[in-house]
Each structure stands twice: as C-alpha cells, then as structure tokens.
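Remarks on the overall topology
The lines below spell out each chain.
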Amino acid sequence: DQQVKQNSPSLSVQEGRISILNCDYTNSMFDYFLWYKKYPAEGPTFLISISSIKDKNEDGRFTVFLNKSAKHLSLHIVPSQPGDSAVYFCAASAPTNAGKSTFGDGTTLTVKP
Amino acid sequence: DAGITQSPRHKVTETGTPVTLRCHQTENHRYMYWYRQDPGHGLRLIHYSYGVKDTDKGEVSDGYSVSRSKTEDFLLTLESATSSQTSVYFCAISKEQPIYNSPLHFGNGTRLTVT
C-alpha cells in the first residue's frame, strides 16, 4: 500500500512555461510535506516544504500547494528553466514517525530550451 | 554540502558475499538514515539511527543490518548479497529539531550491483 503517490512518471515542458508536479497521499497522519530534487549521480536535495496548517508556500520560482481535503499537493515551477530538469520526489512525514519520511516514486521533469 | 560522504561510490559484488557500505558525516548529527532507491519505488527506508548504538528498522530492512559505534559513522551491511539488493543506496541525516518536519540531507549515493 503506497501512501505517497506521484502518478506521472515524467513531464516535459517548454522553457519559460509552468511546470506542475502532482502528489497524492493516503495517510491522514501526515502533516508535513517536502519536495526534493535529484540530479543524476547525486543525492536528493531539499527544495521546498509545507506544513498542513498552510495551503501554500512560495520560494522564488517554486510554490507548493496543499489541499488537505483531497490529500493532494502540487509543486509549481514558474518559469521553468532547463536547469530544472531533474527527478522530483514528494515526501511526507508525521509526528508519530519522527524523521521517517515516506517518499513517492518521483517524477522526471524535462524542460526543453 | 551536508558533510556526508558515502563509500564506496560504486560496488559490484557476487551473490552470497557480504558487503558493507559506509556513511560518514562531519557535523555530529544524531539522526542518520539509510534509504534505497529503485525504479518504480522511489526512496525506501532501510534502517535508521537516533544515536550511537541506537538503531531501528525501516520498511525494507530484511537482509540488512546496521551499526553505529561512533556518531559520525553509520554502516549498512548486507550479510549475504542477493540480486534483489542491486540498487542505489543513500545515506541521509536530519539536522534540525523537531526532526519530523526538518528536511533530510543526503549523501551522493552508492551504486551496488549484485551479480
């Protein structure tokens, strides 16, 4: 039973346009959500996060939206740049599972020049 | 740079042989984790540690053991490697408190191939 799902394995967008990456979760105990970015041959790096008490968090070109009733979050990248091409992982955590984040399978984003 | 070094970076080994992967951190953080990454499975937690000699199992711990005799080192051992353990292994640390809502900082991974 996969508790965090990223249903789109890949996404391709043109440079300058918006990229929207989606993530769904099933565990109601999750109350903190994170996005990580991963380049080939490197470890994932933290990108942005959101607490369940918020519905939006913005950091420069990156915005994460959380819809608790739908158990859905999305990462918006505007404008997309070729350097954003990477694998993006959604992760979720709960206070009862201190430090043990649950990850989705990842979405490979390709931004075309 | 989170001060995490994983060694070796690449390893090819034969089925049935023991393998130990090392994670070394330079910042004395208490919380350390081992994840594996496989196509179609994302990152899955193998084992984690809350301090010296304080370890516990994650969701895919079968076939793996860990040890943490020093704060800076977290070792992952495959007692008898199998082909299903071919994967990329990532070590991670938590830096802030409370740890459940602090991001993980990852090493660059060890690519293990079991033939």
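Just above sits the structure.
Computed from a predicted model, the values in this text were never measured in an experiment.

Parameters at a glance
- Residues numbered from 1 in each chain as written.
- Chains lettered and ligands numbered in written order.
- Predicted model: local features only at pLDDT ≥ 70, side-chain atom pairs only at ≥ 80, totals over all residues.
- Heavy atoms only, no water.
- Helix = DSSP H or I, 4+ residues; strand = E, 2+ residues; numbered from the N terminus.
- Rg over C-alpha atoms; globule rule 2.2 N^0.38 Å.
- Buried < 20%, exposed > 50% of the residue type's maximum accessible area, 1.4 Å probe, protein only.
- Contact = heavy atoms within 4.5 Å.
- Areas by Shrake-Rupley, 256 points an atom, 1.4 Å probe, with all protein chains shown as cover.
- Pairing = 2+ DSSP bridges.
- Buried area = accessible area lost by both parts, 1.4 Å probe.
- Salt bridge = Lys/Arg side-chain N within 4 Å of Asp/Glu carboxyl O.
- Polar contact = N/O pair within 3.5 Å; in protein donor to acceptor, adjacent residues only side chain to side chain.
- Nonpolar A, V, L, I, M, F, W, Y, C, P; charged D, E, K, R; others polar.
- Patch = residues over 30% accessible without salt bridge, like charges linked within 9 Å, V, L, I, M, F, W, Y side chains within 5 Å.

Let us look at the overall build of chain B. When helices and strands are tallied, chain B shows 0 helices and 11 strands. Counting from the amino terminus, helix and strand elements in chain B follow one another as β-β-β-β-β-β-β-β-β-β-β. The C-alpha atoms of chain B give 13 Å as radius of gyration, which agrees with the globular expectation for 115 residues (13 Å, within 12%). Each principal axis of the C-alpha atoms in chain B carries an extent, and together these give about 40 × 30 × 25 Å. Within chain B, buried positions represent 50% of all 115 residues. Restricting to contacts in chain B with at least 6 residues of sequence separation, those with at least 24 account for 54%. Total accessible area on chain B stands at roughly 5300 Å², and carbon and sulfur atoms take up 47% of it.

Here we come to the pairing of strand β1 (residues 4-7) of chain B. Residue and element names in this part refer to chain B. Residues I4 and Q6 point to one face of β1 and are all buried, whereas T5 and S7, pointing to the other face, are not buried. For β1 and strand β3 (residues 19-25), the ladder comprises 4 bridges, and the chain directions are antiparallel. If you follow Q6 over to β3, its bridge partner there is C23.

Turning next to the interface of chain A and chain B. On the side of chain B, 21 residues touch chain A, which itself brings 21 residues to the contact. Contact between chain A and chain B buries roughly 1700 Å² in total, counting both sides, with carbon and sulfur atoms accounting for 60%. Where chain A meets chain B, there are 0 salt bridges. Applying the counting criterion to the chain A and chain B interface returns 6 residue pairs in polar contact (both at pLDDT 80 or more). Secondary structure elements with two or more residues in the side of chain A that touches chain B: β4 (32-38) and β9 (86-93) of chain A. Residue composition of the side of chain A that touches chain B, by class: 11 nonpolar, 5 polar and 5 charged.

Residues I18, I20 and V78 of chain A make up a contiguous nonpolar surface patch of about 220 Å² in total accessible area. By the secondary structure assignment, V78 of chain A is in the loop between β8 (72-77) and β9.

With that out of the way, let us pick up unusual backbone geometry. Note that the residue after V78 of chain A, namely P79 of chain A, is joined by a cis bond; omega there is -15°. Within the secondary structure layout, P79 of chain A lies in the loop between β8 and β9. The omega torsion of the bond from S7 of chain B to P8 of chain B falls at -10°, within 30 degrees of zero and hence cis. Along the chain, the position of P8 of chain B falls in the loop between β1 and β2 (10-13). With a phi angle near 60°, N28 of chain B is a residue other than glycine that sits in the positive phi range. Look at N28 of chain B and you get exposed, because its relative accessible area is 54%. Backbone geometry places K53 of chain B, a non-glycine residue, at a positive phi of 60°. Here K53 of chain B is to be found in the loop between β5 (42-51) and β6 (54-57).

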